[in-house]
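# Observations on the three-dimensional arrangement
Here is what each chain is made of, one letter per residue.
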Amino acid sequence: DRQLVASPGIPPGDFIRASGAIGVETWTSLMGAEVNLRRQFCCGCNGWNVRALAGYRYLRLSDHVTIGENIVALQDIPINPPGVPIFAGDRISVFDSFNTRNRFHGGQIGAAVTTQRDRWTLEGSAKFAIGATQQTVTIDGGQQIASANRQLNFVGGLYALPSNIGTHSQTRIGFVPEVGVKVGYNVTENLRIFVGYDFLYWSNVLRAGDQIDQALD
């Protein structure tokens, strides 16, 4: 199915004639922190330095999608899904909001290996964390019909309807492996600059776009 946002209404007898626009906003935020105890197993073994670590890891992933529609009716629409007639000049606003938040708490273990040649250093690391992922989904939506002499509000937009609006939470087991590599240069005895790459995988996370049910009635 579809929702008509704008139509020129050129052919005679067109049911809807309206001007409008639709906007989609999305953002994602990821942050984390960790506290580790390190123990050195091998120092100076043919130029290699090996360290083991164990500690606590925290991650938070927030995801957000909002769909907003603004429509101006250019002719009367006698039948509307909420059961309220729309008149020429009425402004119709529709919004759908989907938000997810994932929080991970767990313990982790890992190791780091470093080798040095003159001023250059090469470091590789691997970590693995396992714990609980707290998942929260918040869905909201609504419609408004406004004119000079009336303002009507309805619960539910296009995808966010009374059947799925609300806040839902659950907890799932999650695991977070991470690997990284860095190449550094010792500018002085106490100053090192480096460039590197990290790969992190987090299982059992919810994303906002996946919460949009395209088969709603």
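Within any chain, residue numbers begin from 1 and follow the written order of that chain's sequence. For this predicted model, a pLDDT threshold of at least 70 governs which residues receive local features, and a threshold of 80 or more governs which side-chain atom pairs are given and counted, while totals over whole chains, interfaces and linings are taken from all residues. With hydrogens and water set aside, each side-chain value is computed from the structure's full complement of heavy atoms.

### Description of the overall build of the chain
Looking only at helices and strands, one finds 0 helices and 7 strands in the chain. Starting at the N terminus, helices and strands are each numbered in turn, a helix being any DSSP run of H or I of at least four residues and a strand any DSSP run of E of at least two. Tracing the chain from N to C terminus, the helices and strands come up as β-β-β-β-β-β-β. With respect to the three principal axes, the spread of C-alpha positions in the chain is 85 × 35 × 30 Å. Using a 1.4 Å probe on the protein chains alone, a residue whose accessible area is under 20% of its type maximum counts as buried, one over 50% counts as exposed, and one in between counts as partly exposed. The buried share among the 217 residues of the chain stands at 32%. Across the chain, the fraction of contacts at a sequence separation of at least 24, relative to all contacts at a separation of at least 6, is 69%. Each accessible area is a Shrake-Rupley result for a 1.4 Å probe, and residues are judged covered by the shown protein chains and nothing else. Accessible surface, the chain as shown: approximately 13,500 Å² in total, 57% of it carbon and sulfur. Averaged over its 18 positive side-chain charges, the chain has a centre that lies 13 Å from the centre of its 18 negative ones. Contacts are assigned to residue pairs that have any heavy atoms within 4.5 Å of one another. His is not counted, nor are the chain ends, whereas Lys and Arg count as positive and Asp and Glu as negative. By convention, charge coordinates are those of NZ in Lys, CZ in Arg, CG in Asp, or CD in Glu.

### A look at the pairing of strand β7 (residues 192–200)
When DSSP finds two or more bridges between two strands, those strands count as paired. Bridge count between strand β6 (residues 166–186) and β7: 9 bridges; the pairing is antiparallel. Of the residues in β7, the one forming a bridge with Y185 is I193. Remark: 5 residues form the turn of the hairpin made by β6 and β7, two consecutive strands paired antiparallel.

### What about the packing of aromatic side chains?
Only rings of Phe, Tyr and Trp enter the pairing, Trp through its six-membered ring, and a pair is recorded when the two centres are within 6.5 Å. The plane angle decides the type: under 30 degrees is stacked, over 60 is edge-to-face, the rest tilted. Using the criterion set out here, one finds 4 aromatic pairs in the structure. Clustering of aromatic rings is evident, with ring pairs tying together F128, F175 and Y201.

### What to know about the side chain of T114
Mapped onto the fold, T114 is located in strand β3 (residues 91–117). As used in this structure description, the phrase polar contact means that two N or O atoms lie within 3.5 Å; if the pair is within protein, one of them must be able to donate a hydrogen and the other to accept it, and residues adjacent in sequence are counted only when both atoms belong to side chains. At 3.4 Å, the side chain of T114 and the side chain of R51 are in polar contact. Excluding anything up to four places from it in sequence, T114 contacts G47, W48, N49, R51, L122 and E123.

### Comments concerning the pairing of strand β4 (residues 120–146)
With 27 bridges joining them, β3 and β4 adopt antiparallel strand pairing. What sits directly across from T115, in β4, is L122. What sits between β3 and β4 in their antiparallel hairpin is a turn of 2 residues, with D118 showing a positive phi close to 55°. In the sheet, β4 pairs with β6 via 20 bridges, with the strands oriented antiparallel. Looking across to β6, one finds that A132 is bridged to I173. Two elements, β4 and strand β5 (residues 151–155), share 5 bridges in a ladder whose sense is antiparallel.

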